[in-house]
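Observations on the three-dimensional arrangement
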Amino acid sequence: MSEAFDGGGQLPAAFMNPGTSSFTELLGVVAPDLLPTARELPQGATASHLTPEATTIVALTFPNGVVLAGDRRATAGNVIANRDMDKLYRTDEFSAMAIAGAAGVGIELAKLFQVELEHYEKMEGRSLSLEGKANRLATMIRGNLPMALQGFVVLPLLVGYDTDRSQGRIFSYDPVGGRYEEHDFHSIGSGAVYARGALKKLFADGLAEEDAAIVAIQALYDAADDDSATGGPDLHRRIYPLVDVITEDGHRRMAEEDVARLATAVVEERAERPDGPRAPLR
């Protein structure tokens, strides 16, 4: 390892200086012997070229809990880096998170968050409250700020069933660790604006669990329709969105055959009406 970082606990100055001229300069400071030189990187390389980017996530509540869904595509610049990425992570029995942004950083964040919640439960003999989980995740995101300033931004969406309130809840974040509770539904990622438009039209109070899953799949379909970084259902490769459901019974991943059935129905309906279901005017 380079003498620029001797493991003594002091981060290189480039991590703390948002004025670092380029990401390649940062690589050279940290580990010039282990990482590519500037000559080996693509011309004009940015963070999006060096690590895959996770894209669109949606979440919505229903009377018995909350549904979290994500597309499967990851991109690196204009290239599809992965077609079947899992962006949804069970963090404990009553919560889950999904990631959008720098995939490598997001995956590490999710795994670390899982370990922290498990450690707290073992040490205290009880689970952290949903509010406590949301606050802890905000602190972890704030700790990634130096990397975010270099372009490696990751934004999670935390959902869970609040056993104290007996309801599903959704929390979103900004790159500096700001925590915001969202009501009814929310979306993040490159296709978020399109997904949120669909959620606005299709969300309704009193949705059944399966209906909430259909709304999520419809929203992801609309995102994929207008955002090239979002992947829609791929019936030929049998790649479908992932859907997690959290209720008073805990977290579970919706079975692939059930999601395939719902996604296939959505695709078939779009063959007849490409723009999707219409919300009533009155």
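Data block above holds the structure.
Note that the coordinates shown come from a computational prediction; the quantities given were computed from them, not determined experimentally.

Cut-offs applied
Here, residues in each chain are numbered from 1, in the same order as that chain's written sequence. Reporting in this predicted model follows two pLDDT cut-offs: at least 70 for local features of residues, and 80 or more for side-chain atom pairs to be given and counted; totals over whole chains, interfaces and linings ignore these cut-offs and use all residues. Side-chain calculation: all heavy atoms of the structure are included, whereas hydrogens and water are not. A pocket, in this scheme, is an open set of points on a 1 Å grid over the protein atoms alone with protein on both sides within 12 Å along at least 5 of 7 lines, while a cavity is a set where a 1.4 Å probe fits but cannot get out; residues line either one if an atom lies within 4 Å of a point. Grid points are joined across faces, edges and corners, and a volume is the space filled by probe spheres set on the points. Each helix corresponds to a stretch of at least 4 residues labelled H or I by DSSP, and each strand to a stretch of at least 2 residues labelled E; elements are numbered beginning at the N terminus. Three residue categories are used. Nonpolar comprises Ala, Val, Leu, Ile, Met, Phe, Trp, Tyr, Cys and Pro, charged comprises Asp, Glu, Lys and Arg, and polar comprises the others, including Gly. Fitting a line to C-alpha atoms yields each axis, with helices limited to the stretch in contact; the angle taken between N-to-C directions then spans 0 to 180 degrees. Note on convention: near helix rotated counterclockwise from far helix by under a right angle means a left-handed crossing. Clockwise means right-handed. Note on contacts: a residue pair is in contact if any heavy atoms of the two residues lie within 4.5 Å. By the convention used here, strands pair only if DSSP detects at least 2 bridges between them. One fewer than the residue count of a helix, multiplied by 1.5 Å, yields its expected span. Type-normalised accessible area, obtained with a 1.4 Å probe on protein chains alone, sets the label of each residue: buried when under 20%, exposed when over 50%, and partly exposed for intermediate values.

In this approach the atoms are scanned with a rolling probe the size of a water molecule, which exposes any empty space left behind. Roughly 210 Å³ of internal volume is contained in the largest pocket. Taken together, Gly-104, Val-105, Glu-108, Leu-109, Leu-112, Met-140, Ile-141, Asn-144 and Val-154 make up the lining of the largest pocket. By residue number, the principal contributor to the lining of the largest pocket is helix α4 (residues 103–124), which donates five residues. A class-by-class count of the residues in the lining of the largest pocket yields six nonpolar, two polar and one charged.

Geometry of a packed helix pair, given as the angle between the helix axes and the separation of the axes. Remark: helix α7 (residues 192–202) packs on helix α8 (residues 209–226), axes separated minimally by 7 Å, with the N-to-C direction vectors making an angle of 145°. In the crossing of α7 with α8, the sense of the turn from one axis to the other is right-handed. On α8, the residues that touch Tyr-194, Ala-195, Ala-198, Leu-199 and Leu-202 of α7 are Val-215, Gln-218, Ala-219, Asp-222, Ala-223 and Asp-226. Residue composition of the contact of α7 with α8, by class: eight nonpolar, one polar and two charged.

Here we come to the sheet that holds strand β12 (residues 242–247). The antiparallel open sheet is built from five strands, whose spatial order is β11-β2-β3-β12-β13. In this open sheet, the two strands that pair with only one neighbour each are β11 (185–188) and β13 (250–253). Adjacent strand axes in the sheet meet at a mean angle of 15°, parallel and antiparallel pairs treated alike. Sitting on the sheet, α7 is in contact with β2 (57–62) and β11, with an inclination near 165° to β11.

What follows concerns α8. Along an α-helix, a turn takes 3.6 residues, which lines up residues three or four apart on a common side. Taking 1.5 Å per residue, 18 residues should reach 26 Å; α8 reaches 27 Å between its end C-alpha atoms and fits that length. All of the buried residues in α8 are Ala-212, Ala-213, Val-215, Ala-216, Ile-217, Gln-218, Ala-219, Leu-220, Tyr-221, Asp-222 and Ala-223. Here the buried face of α8 lies against β2, β3 (65–70), α7, β12 and α9 (256–272).

For α9, spanning 17 residues, the distance from its first C-alpha to its last is 25 Å, which sits close to the expected 24 Å at 1.5 Å a residue. By the burial criterion, the buried members of α9 are Val-259, Ala-260, Leu-262, Ala-263, Val-266 and Arg-270. Packing partners of the buried residues in α9 comprise α8 and β12.

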